[in-house]
Amino acid sequence: MNKDLTTGEPKKVLWAFCLPMFGSIVFQQLYNIADSLVAGKFIGENALAAVGNSYNITLIFIAFAFGCNIGCSVIVSQLFGARDFRRMKTAVHTSLIASGVLCAVLMVVGLLSAETLLNLMRTQPEVLADSLLYLRIYLFGLPFLFFYNIATGIFSALGDSKTPFLFLAFSSSANILVDILFVKGFSMGIAGVAWATFLCQGISCIFSVLLVLRRLQTLKTEGAIPLFSGQLLGKIAVIAVPSILQQSFISVGNMMIQGCINDFGVSVAAGYSAAVKLNNLVITSFTTIGNGISNFSAQNLGANRYDRIKEGFSAGLKLVWCLCIPFCLAYVLFGKYLLLLFMDQSSATALLTGRQFLWILSPFYFVVSTKLVADGILRGKGAMLKFMAATFTDLILRVILSFVLSRLVGSAIGIWCSWPIGWCIATGLSLLFYRGECREFEG
């Protein structure tokens, strides 16, 4: 069901829209969490480290899919808010075509460079073969990743966050069962983990795209709709390219940090692999809520309702802070038991590594969530240079400090400390930029 985000009390509208998005991303993260869980529990510590190494590379491709998602979503939101359904449909078709071409290029590049990328991260020899196998199977599923992200972006642009939630709830739950079936039942090892994700994500993608196309047919327009527009592609690219660059540089930065972590051995890499999945569950959830705030802002921008955008910031901030509390308490107090879902009690070094990571990062979720809400407003308004400046500040600081602090401290704890420092400084910049945009609204 399509939803107009330009009417109604902003807090109620935004919360009702964003909470299903939060649920969706929790289920989406279960794909990767399930892979690590099954690999660590049913195959072994080396398999857990292999999934972790591959995951940092898959984030590069996820970055491109996410960029296509947000670029399409923001422009479609603006056109939907302005009730320009004809150009909105062309924007959707343009996004699907351009994303398909980009996906094909990335598949070829990824398959040719997979082993080189793993070696650049100084992947341990004992996990290289499994890492490469997992990564190559993942790459064959890239079309599902791309078109699913476009579909969810369109649903969000139309104010519908519940449909993607239902798709993901089903497919993610099925993925856990298929993971276990392929690994335990069919003894497929790390390949079973990868093929389970491929299969479940593929089914979800096909159904979501079909439903999007059907949903568009309910919006009545006259005459033939152009399938492609260079002008609209340019507008989409203005939003998508900075988002792709942002996420890609974060992924490259994570690969560099992973190389630093790998120097401390397989056990530390395995502990980090488990803990970072729990951390990414939180960060990706907040990022997705930020995307919802972008859709809210873009629709209201299209309808010239600038007063609602400021109210949306306050409502978004209250929402993410409410979510921070249970996550922070769970990771600080019960991190050990959550990590044991991925590994055995006997993996003492890996377990301690994961607990230290969560202890250091989780109290600062209140800080980084504030940044991601402000970023959502900046992105919805199209202030991409400011958005990128804050994000790259965080990334550059984290990469540099990871290498410097790990050598000063002499352990991986120095790496974990780089996260909060980067988050605090970048959040200050995002808030500064947001206040500048507010003055423009007032003017």
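Residues numbered from 1 in each chain as written. Predicted model: local features only at pLDDT ≥ 70, side-chain atom pairs only at ≥ 80, totals over all residues. Heavy atoms only, no water.

Side note on the overall build of the protein
Spelled out, the test is: The numbering of helices and of strands both runs from the N terminus, where a helix is a DSSP run of H or I of at least 4 residues and a strand a run of E of at least 2. Burial classes: relative accessible area under 20% of the type maximum marks a residue as buried, over 50% as exposed, and values in between as partly exposed (1.4 Å probe, protein chains only). Pairs of residues are marked as contacts when any of their non-hydrogen atoms sit within 4.5 Å.
A tally of regular secondary structure across the protein gives 14 helices and 0 strands. For the C-alpha atoms alone, the extent of the protein along its principal axes is close to 65 × 45 × 35 Å. Every one of the 443 residues in the protein was classed for burial, and the buried ones make up 60%. Restricting to contacts in the protein with at least 6 residues of sequence separation, those with at least 24 account for 86%.

Overview of the packing of aromatic side chains
Heads up, the rule is: In this scheme Phe, Tyr and Trp rings, the latter by its six-membered ring, pair at centre separations within 6.5 Å, and the angle between planes marks the pair as stacked below 30 degrees, edge-to-face above 60, and tilted otherwise. Criterion for a charge above a ring: Arg CZ or Lys NZ at most 6 Å from the ring centre, at most 35 degrees from the ring normal.
Summed over all chains, the structure comprises 14 aromatic pairs. Each ring, one from Tyr272 and one from Phe357, has its centre 5.7 Å from the other, and the planes form 80 degrees; the classification is edge-to-face. In this pair, Tyr272 sits in helix 9 (residues 266-302) while Phe357 sits in helix 11 (residues 348-361), placing the two residues 85 residues apart along the sequence. Taken together through their ring pairs, the aromatic side chains of Tyr272, Phe357, Trp416 and Trp419 make up a single cluster. A cation over an aromatic ring shows up here: Arg83 above the ring of Phe80, its NZ or CZ 5.1 Å from the ring centre.

So, the layout of surface pockets
Operational definition: Put plainly, a pocket is an open set of points on a 1 Å grid over the protein atoms alone with protein on both sides within 12 Å along at least five of seven lines, a cavity is a set where a 1.4 Å probe fits but cannot get out, and a lining residue has an atom within 4 Å of a point. Grid points are joined across faces, edges and corners, and a volume is the space filled by probe spheres set on the points.
Computed from the structure, the second largest pocket encloses a volume of approximately 160 Å³. If you trace the second largest pocket, you find 14 residues lining it, with Cys68, Ala98, Leu233, Ile236 and Ala240 closest to the centre. At the level of elements, helix 2 (45-81), helix 3 (85-120) and helix 8 (230-262) are the ones that each hand at least two residues to the lining of the second largest pocket. Looking at which element gives the most residues to the lining of the second largest pocket, the answer is helix 8, with 6 residues.

Quick look at the nonpolar core
This is how the line gets drawn: We call a set of buried Ala, Val, Leu, Ile, Met, Phe, Trp, Tyr and Cys residues a nonpolar core when their side-chain atoms join them within 4.5 Å.
In terms of nonpolar packing, the biggest core is built from 123 residues, with Met88, Leu142, Phe357, Tyr365, Trp416 and Trp419 touching the most fellow members. Beyond its immediate stretch of four places on either side in the chain, Trp416 contacts Ile261, Tyr272, Thr353, Gln356, Phe357, Ile360 and Leu361. Formed by 11 residues, the second largest nonpolar core is a distinct cluster that contains Val38, Ala47, Val51 and Ala194.

Some details on empty space enclosed by the protein
Any empty space left between the atoms is revealed when a probe the size of a water molecule rolls over them. Evaluated as defined, the whole model comprises 2 cavities of 30 Å³ or more. Here the second largest cavity defines a volume of roughly 50 Å³. Every residue along the wall of the second largest cavity is listed here: Tyr134, Ile137, Tyr138, Gly141, Ala194, Thr197, Phe198 and Gln201. Every element with two or more residues in the lining of the second largest cavity is listed here: helix 4 (125-140) and helix 7 (190-217).

A look at the state of the cysteines
Rules: By disulfide we mean two sulfur atoms from cysteines, separated by a distance within 2.5 Å.
All told, the structure shown has 0 disulfides when counted by the stated rule. Cysteine Cys328 remains unbridged, with the sulfur of Cys324 as its closest cysteine sulfur at 7.8 Å. Judged by relative accessible area, which is 12%, Cys328 ranks as buried. In this structure Cys417 is a free cysteine whose sulfur lies 12 Å from that of Cys424, the closest cysteine sulfur available. For Cys417, a relative accessible area of 29% corresponds to the partly exposed category.

Some details on the environment of Asn53
Along the chain, Asn53 turns up in helix 2. When its relative accessible area of 0% is taken as the criterion, Asn53 is described as buried. Spatially, the C-alpha atoms of Asn53 and Ser273 are 7.8 Å apart, while their sequence positions differ by 220 residues. The contacts of Asn53, once residues within four sequence positions are left out, are Leu118, Met121, Thr123, Gln124, Val127, Ser131, Gln258 and Asn262.

Overview of the packing of helix 12 (residues 365-381) against helix 13 (residues 384-409)
Our working rule: Between N-to-C directions, angles span 0 to 180 degrees; the directions come from axes that are lines fitted to C-alpha atoms, helices contributing only their stretch in contact. For classification, angles of less than 35 degrees are called roughly parallel, those exceeding 145 degrees roughly antiparallel, those between 65 and 115 degrees roughly perpendicular, and all remaining angles oblique. For any pair of crossing helices, the crossing counts as left-handed if the nearer helix is rotated counterclockwise from the farther one by less than a right angle, and right-handed if it is rotated clockwise.
One can describe the packing of helix 12 onto helix 13 by two numbers: an axis separation of 8 Å at closest approach and a directional angle of 155 degrees. The angle between helix 12 and helix 13 falls in the class roughly antiparallel. Of the two possible hands of crossing, helix 12 and helix 13 adopt the one that is left-handed. Each of Lys371, Asp375, Leu378 and Arg379 in helix 12 lies in contact with helix 13, whose residues at this interface are Met384, Lys386, Phe387, Ala390 and Thr391.

Here we look at the pattern of salt bridges
For clarity, the cut-off: In the sections that follow, a salt bridge refers to a side-chain nitrogen of Lys or Arg positioned within 4 Å of a carboxyl oxygen of Asp or Glu.
In total, this model carries 6 salt bridges according to the counting rule given. Asp160 serves as the salt-bridge partner of Arg215, at 2.9 Å between the closest nitrogen and oxygen. Note that Arg215 is positioned in helix 7 and Asp160 in the loop between helix 5 (142-157) and helix 6 (162-185), a separation of 55 residues in sequence. Residues Arg215 and Asp160 agree in their burial class; the two are buried. A salt bridge links Asp394 to Arg398; the nearest nitrogen and oxygen atoms lie 3.1 Å apart. In this pair, Asp394 and Arg398 both sit in helix 13, 4 residues apart, roughly one turn of the helix.

A closer look at the side chain of Asn279
With respect to the helices and strands, the residue Asn279 is situated in helix 9. Note on Asn279: relative accessible area 2%, which makes it buried. Beyond its immediate stretch of four places on either side in the chain, Asn279 contacts Tyr331, Phe357, Leu361, Tyr365, Trp419 and Trp423.

Structural notes on the packing of helix 2 against helix 4
To keep things clear, this is the line we draw: In this classification, the charged set is Asp, Glu, Lys and Arg, the nonpolar set is Ala, Val, Leu, Ile, Met, Phe, Trp, Tyr, Cys and Pro, and all remaining amino acids, among them Gly, are polar.
At their nearest, the axes of helix 2 and helix 4 sit 8 Å apart, and the two run at 40 degrees to each other. Judged by the inter-axis angle, helix 2 sits oblique to helix 4. For the pair helix 2 and helix 4, the sense of crossing is right-handed. Each of Asn46, Ala49, Ala50, Val51, Asn53, Ser54, Ile57, Thr58, Phe61 and Ile62 in helix 2 lies in contact with helix 4, whose residues at this interface are Glu126, Val127, Asp130, Ser131, Tyr134, Leu135, Tyr138 and Leu139. Partitioned by chemical class, the residues of the contact of helix 2 with helix 4 number 11 nonpolar, 5 polar and 2 charged.

What about the environment of Ala98?
Among the structural elements, Ala98 can be located in helix 3. C-alpha separation for the pair Ala98 and Leu233, spaced 135 residues apart in sequence, amounts to 8.0 Å.

What about unusual backbone geometry?
A positive phi is found at Ser187, a non-glycine position, where the angle reads about 55 degrees. Residue Ser187 is classed as exposed on the basis of its relative accessible area of 60%.

Remember that the coordinates give geometry; whether it matters functionally is a separate question.
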